[in-house]
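# Fold and geometry: a report
In case you want the letters, here they are:
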Amino acid sequence: MRSSFVSNFLVGVFFFCLGPVLFAKETPSESVGPAGTKAEIKEYIEHHLKDSHDFSIASYTDDQGNKVHWGFPLPVILWDNGLKVFSSSLFHHGETVAEVDGNYYKLYHSKIYKTDSEGTIVYDAEDHPTNTKPLDFSITKNVVMMLVTGLLMLWLFTSMARKYEKSGGVPTGVAKFFEPIVLYIRDDIAIPNIGEKKYSRYMPFLLTVFFFIWFLNMFGLTPLGVNVTGNIAVTTALAMIVFLMTNFTGTKDYWKHIFDPLGDGMPWYGKMIIYIILVPIEILGIFIKPFALLIRLYANMTAGHVVLMSLIGLIFIFKSWVGGPLSFGLSFAISLIEILVALLQAYIFTMLSALYFGFAAEEHDHDHEEPVLEHL
């Protein structure tokens, strides 16, 4: 009886979600033809993938053809012969020119350019804007979500620590869910890759980066429309931290392996020819490792968003009883897969970081004397 109720409920939810697709009527804005619809969908996907100076939750076109946005503006902070601070609402989502202290600024393709009162953008021979770009320190949508995620993590794990202290180390509440994850990162990622002697110094970073990436990826699947880990600047910053920690905590054995990978097994004159090729490869590997980290996270999360939003866009292209439900079903399936991918990418980044830290913290035992010789 209970399973029948659950199945009927799920079917009802499914057809409720399909209702706008199956029974939608064509409006004048939709009658622009397949080419116009595809261009609009492409523009919407590109807008979703980019960072923005305002937090737009939703938008629609009213009966007069005006585009209405739901959201709130964010502070714009520029350095242009002095500090300029104003609200992004002056841009009206890029439709108008903002005047601040006698200077005019225009938002063009998510970047701020200095212009005249008419908002003129000058292009070079390769169709690139040549207008001056002031230094932009604005609090954008991605920055807001990183701050929210950071505060959420601070509140969550601080409250968990207090409850642990009160309960004598027994997990209660939400700690029952997060404790196995923390233990898994310690016992199955940090210790096997770094070693029991030095794993504890890297644990704060490994835990932080895992939950930080995971939470941001999950926020990216919500209607908030954020794509923080799909921003290559964010993934580059995370990879740079791993790069600095790996090389600044590297032992002498780590650096010896890079500049003398064959060790003392061969005389120096026998290794010179080999090292002409081998040592540059080892040095190049120092930079390839963090580059692989940033590209893997950026490419996977961006590809997931593009595929998901493209499938949703097919609903408006097909406009049929067959294409609409099929696109909806595929979008729903990909959304479920993306939930797994959000966790998987956080795991992979943390695992590879621990592996690189293990290379840096590795120490070899240089005492080759046999213990039995002491008794001879």
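Note: the structure precedes this text.
Here's what I pulled together on the structure shown here. Being a predicted model, the structure only gives us computed values, none of them experimental. (Residues numbered from 1 in each chain as written. Predicted model: local features only at pLDDT ≥ 70, side-chain atom pairs only at ≥ 80, totals over all residues. Heavy atoms only, no water.)

Another point: the pairing of strand 6 (residues 103–108). Across 3 bridges, the pairing between strand 5 (residues 98–100) and strand 6 is antiparallel. Along strand 6, the bridge assignment pairs Glu 99 with Tyr 104. Of the pairings in the sheet, the one linking strand 6 to strand 7 (residues 111–115) comprises 5 bridges and is antiparallel in character. Across the sheet, Lys 106 pairs through a bridge with Tyr 113, a residue of strand 7. Hairpin geometry of strand 6 and strand 7 is characterised by an intervening segment of 2 residues between the two adjacent antiparallel strands and by a positive phi of about 55° at His 109. (Pairing = 2+ DSSP bridges. Helix = DSSP H or I, 4+ residues; strand = E, 2+ residues; numbered from the N terminus.)

With that settled, the discussion passes to the pattern of salt bridges. Pairing is possible between side chains of opposite charge, provided their charged atoms come close. Scanning all chains against the criterion turns up 3 salt bridges. Measuring nitrogen to oxygen at the nearest pair gives 3.6 Å for the salt bridge that ties Lys 84 to Asp 101. Of this pair, Lys 84 sits in strand 4 (residues 83–87) while Asp 101 sits in the loop between strand 5 and strand 6; the two residues are 17 residues apart in sequence, bridging distant segments of the chain. Its relative accessible area of 9% is what places Lys 84 among the buried residues. Among the residues examined, Asp 101 registers a relative accessible area of 62% and is labelled exposed. Residue Asp 187 is joined to Arg 186 by a salt bridge in which the shortest nitrogen-to-oxygen separation is 2.8 Å. Residue class for Asp 187 comes out partly exposed when judged on its relative accessible area of 35%. Exposure remark for Arg 186: the relative accessible area of 32% places this residue in the partly exposed category. (Salt bridge = Lys/Arg side-chain N within 4 Å of Asp/Glu carboxyl O. Buried < 20%, exposed > 50% of the residue type's maximum accessible area, 1.4 Å probe, protein only.)

Once that is clear, we can look at the sheet that holds strand 3 (residues 75–79). Backbone hydrogen bonds hold the strands of a sheet together, and the pairing may be parallel or antiparallel. Reading across from one edge, 4-3-8 is the order of the 3 strands in this open sheet, with antiparallel pairing throughout. For this open sheet the edge positions go to strand 4 and strand 8 (135–136), each flanked by a neighbour on one side alone. Pairing of strand 3 with strand 4 involves 5 bridges; the strand directions are antiparallel. Paired with Pro 75 across the two strands is Ser 87, which belongs to strand 4.

Bear in mind that shape data such as this cannot, by itself, settle questions of function.
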